[in-house]
Amino acid sequence: MREIPFTLDEHPSFSLPEVGLAVLGHPISHSISPILHNAALGVLSQEEPTFSNWMYERLDVQPKDLRKALDQLAQAGFIGLNLTIPHKVEVLDFLGELDHEASVMGAVNTLIWREDHWVGYNTDGYGLEMALKKVLKCNFQHAKVLILGAGGAARAAAAQAILSNALLVHIHNRSSNNLNNLLNLLHREFDSERVEGSTSESFREDDFWGEDWIVINATSLGLKPGDPSPLFLPCAGFGRNSVFYDMIYNPPQTPFLAEADADGFKNANGLSMLVYQAAKALAIWTGREISAEAMFEAANSHFGD
Ligand code: NDP
């Protein structure tokens, strides 16, 4: 990976047999996606040398340039793209085809070039579900799922939980406006009895006290030093089999996770979600099964573990 992300004007150019992959975002310098993908491509290329021609880079693309970027990168031989902030929703206008899950999630994080158009997928929900299964040994099926936050990541989490037959999805958010927008969207897509929501003013303590929940932080609270925990109840109030998952992975421990840890609850940060969503994206592009192990190793060595 180049130390400084590419811009659209100087994007890497590929010619056969080289194959280009990239993540597009603004800002993008924090992204470790090339580290994950290039590690897994290294493993694939040991068995199939053709994959040594595949390269994954970071491109800084401003919102106004997204359409131009998609056209330009398709022409330049890129066959797979990831999208991150702020492109996941805006890209919906520029696609020739949209996968069903991405459609209900209302956002796209993975594109593949097919013949003459980009096809959109969303692998964030899959990444989250796999992370919960593999790291915290829990399933959405028949579970009560509490999602903190009502942004794009919360929407993917809620849709995935409902698609996987969660018993109940409760969304808790700071602002009632964004909460209601998300609830309306989910009620339109799914069976409304399994989706509910609250703000700090409207939640009822008894709904949570002593009950087992999968609690997911999908807010950005915890990214900055000094941020408080997004939890509206002391952790100790939840049932003993509750688990706590923070989508944030840098820093690796947030106040939300520290509190869960101190009270003896199973908990994990968002690195596993990042890895599993990346593994699914690479599987879509390569048509091969991807081992997440090489991605975890590369990420851990990047963060100095
Ligand atoms: P959005 O900007 O769409 O949503 C942010 C959410 O955080 C909103 O619900 C917002 O509440 C809430 N929030 C922000 N600041 C505060 C605050 N001070 N107090 C309470 N709530 C607050 O972001 P995304 O949904 O895209 O991302 C959310 C988090 O998930 C980020 O930390 C991101 O890094 C992480 N993420 C991790 C991934 C992974 O693979 N591990 C993948 C995708 C995201 P309000 O509506 O009131 O503004």
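For the structure, check the block above.
Residues numbered from 1 in each chain as written. Predicted model: local features only at pLDDT ≥ 70, side-chain atom pairs only at ≥ 80, totals over all residues. Heavy atoms only, no water.

**Considerations on the site of the ligand**
Then comes step 1: Within the structure, the ligand sits among 21 residues, and Ala150, Ala153, Asn173, Arg174 and Asn178 are positioned closest to it.
Then comes step 2: The contact in question runs from an oxygen atom of the ligand to an N or O atom on the backbone of Ala150, over 2.8 Å.
Then comes step 3: Taking Asn173, its side chain carries an N or O atom lying 2.8 Å from an oxygen atom of the ligand.
Then comes step 4: Elements represented by at least two residues in the shell around the ligand include exactly α5 (152–163) and α8 (271–286).
Then comes step 5: By residue class, the composition of the shell around the ligand is 10 nonpolar, 9 polar and 2 charged. (Near = heavy atom within 4 Å. Polar contact = N/O pair within 3.5 Å; in protein donor to acceptor, adjacent residues only side chain to side chain. Helix = DSSP H or I, 4+ residues; strand = E, 2+ residues; numbered from the N terminus. Nonpolar A, V, L, I, M, F, W, Y, C, P; charged D, E, K, R; others polar.)

**So, the pairing of strand β8 (residues 144–148)**
Then comes step 1: Summarising burial for β8: 4 of the 5 residues are buried, a large majority.
Then comes step 2: As paired strands, β8 and strand β9 (residues 168–172) are joined by 5 bridges and run parallel to one another. By the bridge assignment, Leu148 is partnered in β9 with His172.
Then comes step 3: In this fold, the crossover linking β8 to β9 by way of α5 has right-handed handedness.
Then comes step 4: Pairing geometry for β8 and strand β11 (residues 214–217), over 4 bridges, is parallel. Residue Ile147 lies in a different strand from β11, and its bridge partner there is Ile216. (Buried < 20%, exposed > 50% of the residue type's maximum accessible area, 1.4 Å probe, protein only. Pairing = 2+ DSSP bridges. Right-handed = clockwise from strand over helix to strand, strands pointing away.)

**With respect to the side chain of Asn122**
Then comes step 1: Turning to its location among the elements, Asn122 is positioned in the loop between β7 (117–121) and α4 (124–136).
Then comes step 2: Given a relative accessible area of 4%, Asn122 falls into the buried group.
Then comes step 3: At a separation of 2.8 Å, a polar atom in the side chain of Asn122 contacts the main-chain amide nitrogen of Asp124.
Then comes step 4: Apart from the residues lying within four places of it in its own chain, the contact partners of Asn122 are Glu101, Ala102, Met105, Ala107, Val108 and Asn109. (Contact = heavy atoms within 4.5 Å.)

**Examining the sheet that holds strand β2 (residues 19–25)**
Then comes step 1: Taking strand neighbours across the sheet as the criterion, the 7 strands line up as β1-β3-β2-β4-β6-β7-β5 in an open arrangement whose pairing is mixed. Every other strand in the sheet has two partners, leaving β1 (6–7) and β5 (97–98) as the edge strands with one partner each.
Then comes step 2: Relative to strand β3 (residues 54–60), β2 runs parallel, the two sharing 7 bridges. By the bridge assignment, Gly20 is partnered in β3 with Met55.
Then comes step 3: Its contacts with the sheet place helix α1 (residues 33–47) against β2, β3 and β4 (78–83), and it is angled at close to 175° to β3.
Then comes step 4: In the packing of α8 onto the sheet, contacts are made with β2, β3, β4, β6 (110–114) and β7, and the angle to β6 comes to roughly 0°. (Axes fitted to C-alpha atoms, helices over the stretch in contact; angles between N-to-C directions.)

**Brief notes about the pattern of salt bridges**
Then comes step 1: As enumerated under the stated definition, the model contains 5 salt bridges in all.
Then comes step 2: For the salt bridge of Glu48 with Arg288, the shortest nitrogen-to-oxygen distance reads 2.7 Å. One end of the pair, Glu48, is in the loop between α1 and β3; the other, Arg288, is in the loop between α8 and α9 (292–302), with 240 residues separating them in the sequence.
Then comes step 3: The residue Asp124 makes a salt bridge to Lys88 at a minimum N-O spacing of 2.8 Å. Here Asp124, found in helix α4, pairs with Lys88, found in the loop between β4 and β5; they are 36 residues apart in sequence, far enough to count as distant. (Salt bridge = Lys/Arg side-chain N within 4 Å of Asp/Glu carboxyl O.)

**Quick look at the environment of Ala258**
Then comes step 1: Secondary-structure assignment places Ala258 in helix α7 (residues 255–262).
Then comes step 2: Given the relative accessible area of 31%, Ala258 is considered partly exposed.
Then comes step 3: As a C-alpha pair, Ala258 and Ser229 span 29 residues in sequence and 9.1 Å in three-dimensional space.

**A look at the environment of Leu221**
Then comes step 1: Position of Leu221 relative to the elements: it lies in the loop between β11 and β12 (243–246).
Then comes step 2: Note: C-alpha distance between Leu221 and Ile248 (27 residues apart in sequence) is 8.7 Å.
Then comes step 3: Not counting chain neighbours up to four residues away, the residues in contact with Leu221 comprise Asp227, Pro228, Ser229, Pro230 and Ile248.

**Things to note about the environment of Met295**
Then comes step 1: Mapped onto the elements of the fold, Met295 is located in helix α9.
Then comes step 2: Taking the C-alpha atoms as reference points, Met295 and Gly210, 85 residues apart in sequence, are found 37 Å from one another.
Then comes step 3: In contact with Met295, other than residues within four places in its own chain, are Leu36, His37, Ala40, Val275, Ala278, Ala279, Leu282 and Ile290.

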